[in-house]
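This is what each chain is made of:
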Amino acid sequence: MASEPWSPAETPPALDDGPEPAAQPLRADPSWPPPPPGPEDPAELQPGAAPEAPPEPPAPTPSPEPPAPEPGPAPARLALDALFSPVTDQLRYLLKKADDFQSYLLYSRERVQKEQLAKAMPTFLKMCEPYFLYLEAAGRSVPPVYGGLQEVIRKGLLEMSQQLTLRLEQLVFMYASFGFVDLEETDPLSISCFFCGRFSISPAHEVSIFRYCSPAPYTAARFPRYLYKKMRWNLEVTPEPREPSGRGREPHVDYYFLCYRDTWEDTGQSPATSCPQIQKLWSIGRWVPLGPPEDDLYSWILCPQPPGDYQQLLTIGFEEPSHMLATDLLVQVLTGQAGPARPPSAAGLPAWAAPGT
């Protein structure tokens, strides 16, 4: 019976061919140097002296055990994974739903089914609102609720919010390009923008986020000219406790926008003759109402969109900020302009921006 192959790491199998031959002494290579004589070389011993027993080999030194892992970021990492697990699961579920909407639009041959999905689009966007509410409120909570991990958790939550926002924007725009959804802001049934979350910057100030699926003119009358909006923030101001004089301020809402100005339209140049990197100048500004009067209900009914001006507060540059960065910049504007205990509208408007001018 043939022996099985063996690897060098294994002990070769013994062969029963007979008694083992006596071990032959190894011959030293002439090129090897002679070993140095020890202190008690047998050649130097006197005749008749019994040779001493060879010294016992030293006991093997045990190999050092690997040091125990010091307490580091591993427990924190496990805590983060446990915290993010349900949130990421919900994100995957909503993204899968968005992929299903897109697949039906691209591959279904039944127009009726596509129209039904387009009618279900507002319901799907509404279904995402609680998720946005959690992400933005937990990521931008004031004061921080996660201690030393606040910045890590904040970045993770807000990046998930941004990922879902951009996916929904792409989905709605795709349905609009096929003619199943209207993006015109003056149409009450259109989906020109959608809700992306809400958070508080102080006990009396709450910010709601909206994103436009496609850049829209700042007003229906296209005034100011060459100005297009991409995001909107509603700053809801809660009335403060009444003062001893008995006068208290009424609740109100201030509107802020992320806009860009088409510089090539402003200068009369065509896109072919201008540098594409400097065509859009991005900024954050405040809505300045110009009418109609609040007590004139008839004028409000006949007005497709109230007129307003743009009070530019921050110039960003020629590169569009990300969804998360734009809101961060707005928070800096609000806290720097108004402070946590003072609403932005209390600072007053410049003379050119006052209503009615």
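Draft legend 1. Geometry of the sheet that holds strand β1 (residues 193-202). Read across the sheet, six strands follow the order β1-β2-β3-β4-β5-β6 without closing on themselves; strand pairing throughout is antiparallel. Both outer strands of the open sheet, β1 and β6 (308-317), are each paired with one neighbouring strand and no more. Looking at each pair of strands side by side, their axes are set apart by 25 degrees on average, direction ignored. Note: strand β4 (residues 252-262) against strand β5 (residues 280-289), seven bridges, orientation antiparallel.

Draft legend 2. Highlighting helix α2 (residues 111-139). A rise of 1.5 Å per residue sets the reference length of α2, with its 29 residues, at 42 Å; its end C-alpha atoms lie 41 Å apart and thus fit the reference within 8%. Along α2, the largest kink reaches about 35 degrees and is centred on Ala 120; proline Pro 122 follows within four residues of it.

Draft legend 3. How the structure looks around the pairing of β1. Burial runs high along β1: seven of the 10 residues are buried. In this structure, β1 lies alongside strand β2 (residues 205-217), joined through eight bridges in antiparallel fashion. Across the sheet, Cys 193 pairs through a bridge with Tyr 212, a residue of β2. The loop that links β1 with its antiparallel partner β2 comprises two residues.

Draft legend 4. Focus on the layout of surface pockets. Space inside the second largest pocket adds up to approximately 270 Å³. Along the wall of the second largest pocket there are 14 residues; nearest its centre are Glu 129, Ile 191, Cys 193, Phe 194 and Phe 195. Residue classes in the lining of the second largest pocket are distributed as nine nonpolar, two polar and three charged.

Draft legend 5. Region of the structure containing empty space enclosed by the protein. For the coordinates displayed, the defined rule picks out one cavity of 30 Å³ or more. Its boundaries defined by the atoms lining it, the largest cavity holds a volume of some 40 Å³. Lining the largest cavity are Glu 136, Arg 140, Leu 158, Ser 161, Gln 162, Ile 209, His 323, Met 324 and Thr 327. Those elements that place two or more of their residues in the lining of the largest cavity are α3 (150-177) and α6 (323-337).

Draft legend 6. Structural view of the nonpolar core. Counting residues in each nonpolar core, the largest one holds 52 residues, and the members touching the most others are Met 121, Leu 164, Tyr 175 and Trp 233. The contacts of Met 121, once residues within four sequence positions are left out, are Phe 101, Leu 171, Val 172, Tyr 175 and Ile 191.

Draft legend 7. Spatial organisation of unusual backbone geometry. Here the residue pair Phe 223 and Pro 224 is connected by a cis peptide bond, since its omega of -5 degrees sits within 30 degrees of zero. Structurally, Pro 224 can be placed in the loop between β2 and β3 (227-237).

Draft legend 8. Representation of the pairing of β3 in the model. Burial analysis of β3 places 10 of its 11 residues in the buried class, the great majority of the element. Two elements, β3 and β4, share 10 bridges in a ladder whose sense is antiparallel. Directly across from Glu 236, in β4, lies its bridge partner Val 253.

Draft legend 9. Structural context of the packing of aromatic side chains. In this structure the tally under the stated criterion is 10 aromatic pairs. Ring geometry for Tyr 218 versus Tyr 310: centroids 5.3 Å apart, planes at 80 degrees, classification edge-to-face. In this pair, Tyr 218 sits in the loop between β2 and β3 while Tyr 310 sits in strand β6, placing the two residues 92 residues apart along the sequence. Residue Tyr 310 is classed as buried on the basis of its relative accessible area of 6%. When the ring of Tyr 228 is compared with that of Tyr 260, the centres are 5.5 Å apart and the planes differ by 25 degrees; the resulting orientation is stacked. A residue pair is termed long-range when its members are at least 10 positions apart, and Tyr 228 in strand β3 and Tyr 260 in strand β4 qualify at 32 residues. On the basis of relative accessibility, which here comes to 14%, the residue Tyr 228 falls in the buried class. On the basis of relative accessibility, which here comes to 6%, the residue Tyr 260 falls in the buried class. Taken together, the aromatic side chains of Phe 101, Phe 124, Tyr 175 and Phe 180 make up a single cluster linked through ring pairs. The cationic tip of Arg 140 hangs over the ring face of Phe 199; the distance from NZ or CZ to the ring centre is 5.4 Å.

Draft legend 10. Quick look at the pattern of salt bridges. A complete count under the given rule lists 15 salt bridges for this structure. The salt bridge involving Lys 230 is made with Glu 169; its shortest N-O contact spans 2.7 Å. One end of the pair, Lys 230, is in strand β3; the other, Glu 169, is in helix α3, and 61 residues separate them in sequence. A single burial state applies to Lys 230 and to Glu 169, both of which are buried. Salt bridges here are not isolated pairs; linked through shared partners, they connect Glu 136, Arg 140, Glu 151, Arg 154 and Asp 328.

The rules behind each value
- Residues numbered from 1 in each chain as written.
- Predicted model: local features only at pLDDT ≥ 70, side-chain atom pairs only at ≥ 80, totals over all residues.
- Heavy atoms only, no water.
- Pairing = 2+ DSSP bridges.
- Helix = DSSP H or I, 4+ residues; strand = E, 2+ residues; numbered from the N terminus.
- Axes fitted to C-alpha atoms, helices over the stretch in contact; angles between N-to-C directions.
- Expected span 1.5 Å × (residues − 1).
- Bend = angle between axes of the 7 residues up to and from the residue.
- Buried < 20%, exposed > 50% of the residue type's maximum accessible area, 1.4 Å probe, protein only.
- 1 Å grid on protein atoms, 1.4 Å probe; cavity = no way out; pocket = protein on both sides within 12 Å on 5 of 7 lines; lining within 4 Å.
- Points joined across faces, edges and corners; volume = space filled by probe spheres on them.
- Nonpolar A, V, L, I, M, F, W, Y, C, P; charged D, E, K, R; others polar.
- Core = buried A, V, L, I, M, F, W, Y, C linked by side-chain atoms within 4.5 Å.
- Contact = heavy atoms within 4.5 Å.
- Phe/Tyr/Trp six-rings, centres within 6.5 Å; stacked < 30°, edge-to-face > 60°.
- Lys NZ or Arg CZ within 6 Å of the ring centre and 35° of its normal.
- Salt bridge = Lys/Arg side-chain N within 4 Å of Asp/Glu carboxyl O.

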